Amino acid sequence: MARGERARYWRYAELPGVDLLHAHYIHKAFSRHTHETFVYAAITEGVEAFHYGDDLVRAGPGQIALVNPDTPHTGHAGVPEGWTYRTIYPDPELVRSIAADVLAVRGPVGFTQPVVDDPYAARLVIGVHRAAEEGNALAADSLLRLVTARMLRSHGGLRPLTPRSAGARDAARARAVLEERMAEPPTLERLAADLGTSPFALLRAFRAAYGMPPHTWLTDARVRRARRLLDTGTPPAEAAVAVGFTDQPHLNRHFTRSVGVPPGAYQRARGVGRGRT
């Protein structure tokens, strides 16, 4: 991590299904990646800029960056001094349960804007962090539910299902193959031939369906699977090979570009294993 930067990625045991990140970045640049969770990032200092879909958006103090699950995005400093933020990563099932309780909405929900200007909600996100740091489970859980309900009421709704075109079906089949053969994936040409389509047609369909080409998606998927292995105590070197990275430094590079901390630091902050940075 560059000089002057700091990051803690952790989990509070009394807040199941929620990850927490408190970080200050200056030179850090997140590659295009996704999360299986939602993201609520309350900016406390500086400005974060990030690509969300085809747009480059910015978030500053008093604002919250909101990212839906499986939505490609990036992240980098929007000003020379970088940015500081406190981020919550709640599990989709938790958000759905809050939506059902508060809004009587059933089904997959999501947020309609990537950045919202809501200083009160930002203070609630910060409050979740501080309560977790102090071991105040009641406050952490209560504040998480309050900020989620507030964001859903103001900027949320059901996530519409997209029509399943022939290209989308090919993309989904390709994704399933890559998930199954993550450590030894086929070439694009072989993958397209097996699916009965052309390489460029598959490339276009995959990008349209998942917001990134297959090779970028595969790297992101490998990082996500490596995280699950790290959570079970698998050493980083073993996790790297299991998901298809060449070695631990290869995993370190991509993991840090997506998660914000190296695999070893990620494990130590969560109290898992004895992973090396």
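Above: the structure in question.
Report follows, based on the coordinates. Worth saying up front: this structure is predicted, and the values here are computed from it rather than measured.

Criteria and cut-off values
- Residues numbered from 1 in each chain as written.
- Predicted model: local features only at pLDDT ≥ 70, side-chain atom pairs only at ≥ 80, totals over all residues.
- Heavy atoms only, no water.
- 1 Å grid on protein atoms, 1.4 Å probe; cavity = no way out; pocket = protein on both sides within 12 Å on 5 of 7 lines; lining within 4 Å.
- Points joined across faces, edges and corners; volume = space filled by probe spheres on them.
- Helix = DSSP H or I, 4+ residues; strand = E, 2+ residues; numbered from the N terminus.
- Pairing = 2+ DSSP bridges.
- Axes fitted to C-alpha atoms, helices over the stretch in contact; angles between N-to-C directions.
- Expected span 1.5 Å × (residues − 1).
- Contact = heavy atoms within 4.5 Å.
- Polar contact = N/O pair within 3.5 Å; in protein donor to acceptor, adjacent residues only side chain to side chain.
- Nonpolar A, V, L, I, M, F, W, Y, C, P; charged D, E, K, R; others polar.

Per the stated rule, a full pass over the model turns up 2 cavities of 30 Å³ or more. Estimates place the volume of the largest cavity at around 160 Å³. Looking at the largest cavity, it is lined by 16 residues, and the ones nearest its centre are His-35, Val-39, Glu-48, His-73 and Tyr-85. Secondary structure elements with two or more residues in the lining of the largest cavity: β3 (29–33), β4 (39–46), β5 (48–52), β7 (63–67), β8 (73–77) and β9 (83–90). The volume enclosed by the second largest cavity comes to roughly 40 Å³.

Here we come to the sheet that holds β4. Spatially, the 6 strands line up as an open sheet ordered β1-β2-β9-β4-β7-β11, and their pairing is antiparallel. The open sheet is flanked by β1 (6–10) and β11 (115–117), the only strands paired with a single partner. Taking each pair of neighbouring strands and ignoring which way they run, the sheet shows an average axis angle of 15 degrees. Two strands pair when backbone bridges link them, and β1 and strand β2 (residues 18–25) are joined in this way by 5 bridges, in the antiparallel orientation. Each bridged residue has a counterpart across the sheet, and for Arg-8 the counterpart in β2 is His-22.

A rise of 1.5 Å per residue sets the reference length of helix α1 (residues 92–103), with its 12 residues, at 16 Å; its end C-alpha atoms lie 16 Å apart and thus fit the reference within 8%. Those residues of α1 hidden inside the fold are in contact with β2, β4, β9, β10 (109–111) and α3 (137–155). N-cap assignment for α1: the residue whose side-chain oxygen lies 2.8 Å from the backbone N of Glu-93 is Asp-91. Backbone geometry just after α1 places Ala-104 at a positive phi near 55 degrees.

For the rest of this paragraph, the subject is the layout of surface pockets. Volume-wise, the second largest pocket comes out at about 240 Å³. Around the second largest pocket, the lining comprises 15 residues; the ones closest to its centre are Arg-11, Asp-19, Glu-36, Thr-37 and Arg-227. Looking at the lining of the second largest pocket element by element, the count peaks at 4 residues for helix α7 (residues 214–231). A class-by-class count of the residues in the lining of the second largest pocket yields 2 nonpolar, 4 polar and 9 charged.

Let us look at the sheet that holds strand β6 (residues 55–59). Spatially, β3-β8-β5-β6 is the arrangement adopted by the 4 strands of the open sheet, whose pairing is antiparallel. Looking at the sheet topology across the chains shown, the edges are occupied by β3 and β6. On average, adjacent strands in this sheet sit at an angle of 20 degrees to one another, irrespective of strand direction. Taken together, the 3 bridges between β3 and β8 define a ladder with antiparallel strand orientation. Note on β8: the bridge partner recorded for Phe-30 is Gly-75.

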